[in-house]
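Close look at the chain arrangement
Listed below, chain by chain, are the residues.
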Amino acid sequence: MIRRLMLLAMIIGGIHFTCSSQKINPEKSKIEFRVANLGANKVKGNFSGMKGNVKFDPKNISAASFDVCIDATTFNTRMKKRDQVVKGEKYLDVANYPEICFKSTGVSRNGMSYKLTGILTMHGESKEVEVIFNYSRQIFTGKLQINRLDFKVGPRSGVLVGKVIDITITCVIE
């Protein structure tokens, strides 16, 4: 009888873990990006300060959900003057839009990976995006491309700053 109760407790505990939100580790999670600069160079940088709720069980992806934001003020290319310009109102306008957020609308298998569909909100604009990601040992790694003009970020010309931004996401949950 005690064995059955212990087994039941372990099963219920496991169900609770896989169905409840998992905590994001903001120190280990990050967003990295690459964008063309003057048509020849690629500028690399990152954002930190990831927070939100993640529900993910590889055995039950239909119940998965992601509601995650990053702190736009953490934009960093290791070039202080450029970072200040990009944080200003011509680009990210972090004073008025301090967060960049993603809310999932669906998750599906994509071969050995997963496809995450959802709404990305940046600079007051919301667009549907797809993220292809892998999951292993409490770490999500994903990639996507966005066109910054879809979010009304920066000048319309793509000469000084490219229009397409390559993004890599690392989200560590506990």
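Scroll up to find the structure.
Per-chain numbering applies: the sequence of each chain, read as written, is numbered from 1 onward. Note on the predicted model: pLDDT of at least 70 is required for a residue's local features to be given, and 80 or more for side-chain atom pairs to be given and counted; whole-chain, interface and lining totals, by contrast, use all residues. Only hydrogens and water are removed before side-chain values are computed, so all heavy atoms of the structure are retained for them.

1. Considering the sheet that holds strand E10 (residues 161–172)
Sheets are built from strands that pair by backbone hydrogen bonding, the pairs being arranged parallel or antiparallel. At least two DSSP bridges between two strands are needed for those strands to be called paired. Starting at the N terminus, helices and strands are each numbered in turn, a helix being any DSSP run of H or I of at least four residues and a strand any DSSP run of E of at least two. The strand order across the open sheet built from ten strands is E1-E4-E5-E6-E7-E8-E9-E10-E2-E3, with neighbouring strands paired in antiparallel fashion. Edge positions in the sheet fall to strand E1 (22–23) and strand E3 (41–47), since each has one partner strand and no second. Pairing analysis gives nine bridges linking strand E7 (residues 113–122) to strand E8 (residues 125–136), with the strands arranged antiparallel. Across the sheet, Thr 117 pairs through a bridge with Glu 130, a residue of E8.

2. Things to note about the pattern of salt bridges
Whenever a carboxyl oxygen of Asp or Glu lies within 4 Å of a side-chain nitrogen of Lys or Arg, that contact is scored as a salt bridge. All told, the structure shown has five salt bridges when counted by the stated rule. Lys 51 serves as the salt-bridge partner of Glu 99, at 2.8 Å between the closest nitrogen and oxygen. Taken together, the positions of Glu 99 in strand E6 (residues 99–110) and Lys 51 in strand E4 (residues 51–55) put the pair 48 residues apart, joining distant regions of the chain.

3. Quick notes on the layout of surface pockets
As a volume, the largest pocket reaches approximately 880 Å³. Lining of the largest pocket is provided by 43 residues; of these, Ile 31, Phe 33, Phe 47, Ile 165 and Ile 167 occupy positions nearest its centre. Tallied by class, residues from the lining of the largest pocket come to 36 nonpolar, four polar and three charged. Only protein atoms enter the 1 Å grid used here, on which a cavity is any set of points holding a 1.4 Å probe that cannot leave and a pocket is any open set flanked by protein within 12 Å on both sides along at least five of seven lines; residues with an atom within 4 Å of a point are listed as lining. Grid points are joined across faces, edges and corners, and a volume is the space filled by probe spheres set on the points. For this classification, the nonpolar set comprises Ala, Val, Leu, Ile, Met, Phe, Trp, Tyr, Cys and Pro, the charged set comprises Asp, Glu, Lys and Arg, and every other residue, Gly included, is treated as polar.

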